[in-house]
Protein chains: 2
Amino acid sequence: MSNKLTRREMAMLAAAGAAFGQEGAEATREMEMFGLKHKMPAKPEQVVMLVYPGMTALDLVGPQQVFGYTMGMQVHLVWKSSEPITTDTGLRLLPSKTFSDCPPDVDLLFVPGGGRETVALMEDRAVTEFLSRVGGKAKYVTSVCSGSLVLGAAGLLRGYRATSHWAVRDVLPLLGATAVEARYVEDRNRITAGGITSGIDFGLRIAGKLRGDDFGRALELTLEYDPEPPYGTGTPKKAGARVGQAMTQMYRPLQAAARAAAERVAKGVKS
Amino acid sequence: MSNKLTRREMAMLAAAGAAFGQEGAEATREMEMFGLKHKMPAKPEQVVMLVYPGMTALDLVGPQQVFGYTMGMQVHLVWKSSEPITTDTGLRLLPSKTFSDCPPDVDLLFVPGGGRETVALMEDRAVTEFLSRVGGKAKYVTSVCSGSLVLGAAGLLRGYRATSHWAVRDVLPLLGATAVEARYVEDRNRITAGGITSGIDFGLRIAGKLRGDDFGRALELTLEYDPEPPYGTGTPKKAGARVGQAMTQMYRPLQAAARAAAERVAKGVKS
């Protein structure tokens, strides 16, 4: 639940705090609100989140909700065109920028995951070239879920430790990355998170990293992030043999498709 | 991360299973997939999720992602018009139905929360009349976050135990409900959940309730819902005095606005 009034006040405070409008200044300023101290960037951070048909909406909206509440961030949802895109569960949402009018200097690049359509993106030159160009100079290069496979296909994870959705994590080494079993992996400026819901943990960690722990704490309370997973089956290990094996079997065709795409990418073969 | 192929297979299996296409049949059938057994409805469930300008996207997308993965559910995003709506953090998404072409027989009605705009909805007659009409005969009447205040303003929580976002939970009694401090409250066919991220827990519980525990377990694994909140400050109690008091202070104007609206609604006063 947001508090619009307070977010407007935040923006006013931020502007009044002489933190903004100093183009080129690199120093981080401090802002106090209700007794909590937050780090503010010298100028607004440009956050570019890729959106695409077939993506998993929750991969995007977990962190987008967090970034949207983070004063001083300008969030852009970027795709090839500005037409509505339809997610894997039929939600239709609108990009706010295209590859051609995306801000040139990006602080944080983010790629959400999905199923077959995400695997197809690994061999979509327009996409991998855009990511490579923007990600090559972005301050942070990030993903949730199978989005890391697309970063990997764009050459952005070579030599980095990274993670992905549990069902396709093993594909990462084919793209030059070291696969790590974790909810969140940070290696220098590459930050990758696990499957779907990990985007919330990811978003909060980024917010805390950039605005300080007090801001992270306050935002976690705003999101009322005190999870009670009803079954305790959130990883293959925790799910146990019966459920784990059923779902591994279900994901086998997708895993095979991702592996084949990664092998073609690694060999420079056109699909 | 979704597995499109498998979801198509699910739909095919469901159709082949003679579960669907038997209009009027009330019996629940069983469907087996990869050794897990799932309950299937006699006919597809109609799920109506309210969307509106200023809503909190994650309140909606948590459960929408879950319902979209639940075979046999038809999910409709409903608002006054079919124009794009903008959420509290600037995400633009498209309704799929309007109040006038919404399916008449609804199995599950859902209302997401937000800030000032949600409070305004409490006194929006077109909205409360729609909710009252649909909710009065829906199988389940549900909400996440401050969405319960809108249900309450529509008269749908009178005499029920319910919850809301922690910052406005105390407003519920003014609308005839008993406020409960919990992540998820089920009282007969009213199911209300707490702030923002509780929508994931809520969605999984509904999926498990309607398709059986094996489906809930499988979906929790698909979502990789093994949360690691970075700060452990997801409730005012857990956040401790310093952060809890700061955020309570921040939310005070919103709480006051919600209380005033609830008092006018209770007295039948027009705003």
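All of the points below concern the structure found in this document. No experiment lies behind these values; they were computed from the predicted model shown. (Residues numbered from 1 in each chain as written. Chains lettered and ligands numbered in written order. Predicted model: local features only at pLDDT ≥ 70, side-chain atom pairs only at ≥ 80, totals over all residues. Heavy atoms only, no water.)

## Here we look at the overall build of chain A
Scanning chain A from terminus to terminus reveals eight helices and 13 strands. Taking all 271 residues of chain A together, 61% fall into the buried category. By sequence separation, contacts in chain A at least 24 residues apart represent 64% of the contacts at least 6 residues apart. For chain A, the exposed surface amounts to about 9800 Å²; the carbon and sulfur share of it is 48%. (Helix = DSSP H or I, 4+ residues; strand = E, 2+ residues; numbered from the N terminus. Buried < 20%, exposed > 50% of the residue type's maximum accessible area, 1.4 Å probe, protein only. Contact = heavy atoms within 4.5 Å. Areas by Shrake-Rupley, 256 points an atom, 1.4 Å probe, with all protein chains shown as cover.)

## Examining the packing of helix α7 (residues 213-222) of chain A against helix α8 (residues 236-267) of chain B
One way to put it is that α7(A) packs onto α8(B) with a least axis distance of 9 Å and a crossing angle of 80°. Accordingly, the angle class assigned to the pair α7(A) and α8(B) is roughly perpendicular. On α8(B), the residues touching A:Asp214, A:Arg217, A:Ala218, A:Leu221 and A:Thr222 of α7(A) are B:Pro236, B:Ala239, B:Arg242, B:Val243, B:Gly244, B:Met247 and B:Tyr251. Grouping the amino acids of the contact of α7(A) with α8(B) by side-chain chemistry returns seven nonpolar, two polar and three charged. (Axes fitted to C-alpha atoms, helices over the stretch in contact; angles between N-to-C directions. Parallel < 35°, antiparallel > 145°, perpendicular 65-115°, else oblique. Nonpolar A, V, L, I, M, F, W, Y, C, P; charged D, E, K, R; others polar.)

## Description of helix α8 (residues 236-267) of chain A
All names here are of chain A. The end-to-end C-alpha separation of α8 is 31 Å, well short of the 46 Å expected for 32 residues at 1.5 Å each. Among the residues making up α8, those that are buried are Ala239, Val243, Gly244, Ala246, Met247, Met250, Tyr251, Leu254, Ala257, Ala258, Ala261 and Ala262. Of the residues one or two after α8, Gly268 is the one with positive phi, at around 70°. (Expected span 1.5 Å × (residues − 1).)

## Comments concerning the relation of the copies chain B and chain A
Least-squares fitting of chain B to chain A yields an RMSD of 0.0 Å, with the superposition described by an axial translation of 0.0 Å and a rotation of 180°. A rotation of that kind, with that shift, is consistent with a two-fold axis. The position closest to the rotation axis in chain B is occupied by the C-alpha of B:Leu93, lying 2.1 Å away. When the interface residues of chain B are mapped onto chain A, 99% of them again fall at the interface, so both copies present the same face. (Least-squares fit on C-alpha atoms with pLDDT ≥ 70 in both.)

## Some points on the sheet that holds strand β6 (residues 92-94) of chain A
The antiparallel open sheet is built from four strands, whose spatial order is β5(A)-β6(A)-β6(B)-β5(B). The open sheet terminates on both sides in strands that have one partner only, identified here as β5 (85-86) of chain A together with β5 (85-86) of chain B. Sheet topology note: the β5(A)/β6(A) ladder contains two bridges and is antiparallel. Residue pairing for β6(A): A:Ile85 is matched across the bridge by A:Leu93. (Pairing = 2+ DSSP bridges.)

## Describing the pairing of strand β4 (residues 73-79) of chain A
In the case of a regular strand, side chains alternate between the two sheet surfaces. All names here are of chain A. By the criterion of burial, β4 is predominantly enclosed, with five of the seven residues buried. Relative to β4, strand β3 (residues 45-50) runs parallel, the two being bridged by six bridges. Note that in β4 the partner of Met49 across the bridge is Leu77. On the question of chirality, the crossover connecting β3 to the parallel β4 by way of helix α2 (residues 57-68) is right-handed. As paired elements, β4 and strand β7 (residues 97-98) share two bridges and run parallel to each other. Its bridge partner lying in β7, Trp79 is registered against Thr98. (Right-handed = clockwise from strand over helix to strand, strands pointing away.)

## Some details on the nonpolar core
Counting residues in each nonpolar core, the largest one holds 174 residues, and the members touching the most others are A:Leu60 and B:Leu60. B:Leu60 has contacts with A:Leu91, B:Met49, B:Leu50, B:Val51, B:Met55, B:Leu77, B:Leu93, B:Phe110 and B:Pro112, leaving out every residue within four places of it along the chain. (Core = buried A, V, L, I, M, F, W, Y, C linked by side-chain atoms within 4.5 Å.)

## Overview of the side chain of A:Gln65
Here A:Gln65 is to be found in helix α2. A distance of 3.2 Å separates the side chain of A:Gln65 from the side chain of B:Asp88, its partner in a polar contact. In contact with A:Gln65, other than residues within four places in its own chain, are A:Leu223, B:Thr56, B:Ala57, B:Leu58, B:Asp88 and B:Thr89. (Polar contact = N/O pair within 3.5 Å; in protein donor to acceptor, adjacent residues only side chain to side chain.)

## Overview of the sheet that holds strand β7 (residues 97-98) of chain B
Paired through their backbone hydrogen bonds, the strands of a sheet run either parallel or antiparallel. Residue and element names in this part refer to chain B. Spatially, β7-β4-β3-β8-β9-β13-β12 is the arrangement adopted by the seven strands of the open sheet, whose pairing is mixed. The open sheet is flanked by β7 and β12 (184-187), the only strands paired with a single partner. Against the sheet, helix α4 (residues 125-135) contacts β3 (45-50), β4 (73-79), β8 (108-111) and β9 (140-143), and its axis sits at roughly 155° relative to β8. Strands β3, β4, β8, β9, β12 and β13 (190-193) of the sheet are contacted by helix α6 (residues 198-211), whose axis makes an angle of about 150° with β13.

## Re unusual backbone geometry
If you check the backbone angles, A:Cys145 has positive phi at about 60° while not being a glycine. Within the element layout of this structure, A:Cys145 appears in the loop between β9 (140-143) and α5 (147-153). In this structure A:Cys145 comes out as buried when scored by relative accessible area, which is 0%. A positive phi is found at B:Arg188, a non-glycine position, where the angle reads about 50°.

## Here we look at the interface of chain B and chain A
If you look at the interface, chain B gives 86 residues, while chain A gives 85 residues. In this structure, the connection of chain B to chain A is made through four salt bridges. Our count for the contact surface shared by chain B and chain A stands at 46 residue pairs in polar contact (both at pLDDT 80 or more). Only α1 (4-16), α2 (57-69), β6 (92-93), α3 (116-121), α6, α7 (213-222) and α8 of chain B provide two or more residues apiece to the side of chain B that touches chain A. The biggest single contributor to the side of chain B that touches chain A is α8(B), with 13 residues. Partitioned by chemical class, the residues of the side of chain B that touches chain A number 39 nonpolar, 27 polar and 20 charged. In terms of strand pairing, β6(A) meets β6(B) through two bridges, oriented antiparallel. The residue of β6(B) that forms the bridge with A:Leu93 is B:Leu93. (Salt bridge = Lys/Arg side-chain N within 4 Å of Asp/Glu carboxyl O.)

## Section: the packing of aromatic side chains
All names here are of chain A. Applying the stated criterion to the full structure yields 14 aromatic pairs over all chains. Arranged with centres 6.3 Å apart and planes meeting at 45°, the rings of Tyr52 and Trp79 form a pair that is tilted. Here Tyr52 is found in the loop between β3 and α2, whereas its partner Trp79 is found in strand β4, with 27 residues between them in sequence. You can call Tyr52 buried: its relative accessible area is 0%. For Trp79, a relative accessible area of 9% translates into the label buried. Both rings, one in Phe99 and one in Phe130, keep their centres 4.1 Å apart while their planes meet at 5°; by these two values the pair is stacked. Of the two residues, Phe99 is situated in the loop between β7 and β8 (108-111) and Phe130 in helix α4 (residues 125-135); the sequence distance between them amounts to 31 residues. Like Phe99, the residue Phe130 is buried in the burial classification. Three or more aromatic residues joined by ring pairs make a cluster, and in this case those are Tyr52, Trp79, Phe99 and Phe130. Sitting over the face of the ring of Tyr184, Arg205 holds its NZ or CZ atom 4.4 Å from the ring centroid. (Phe/Tyr/Trp six-rings, centres within 6.5 Å; stacked < 30°, edge-to-face > 60°. Lys NZ or Arg CZ within 6 Å of the ring centre and 35° of its normal.)

Remember, this is a structural readout, not a statement about activity or role.
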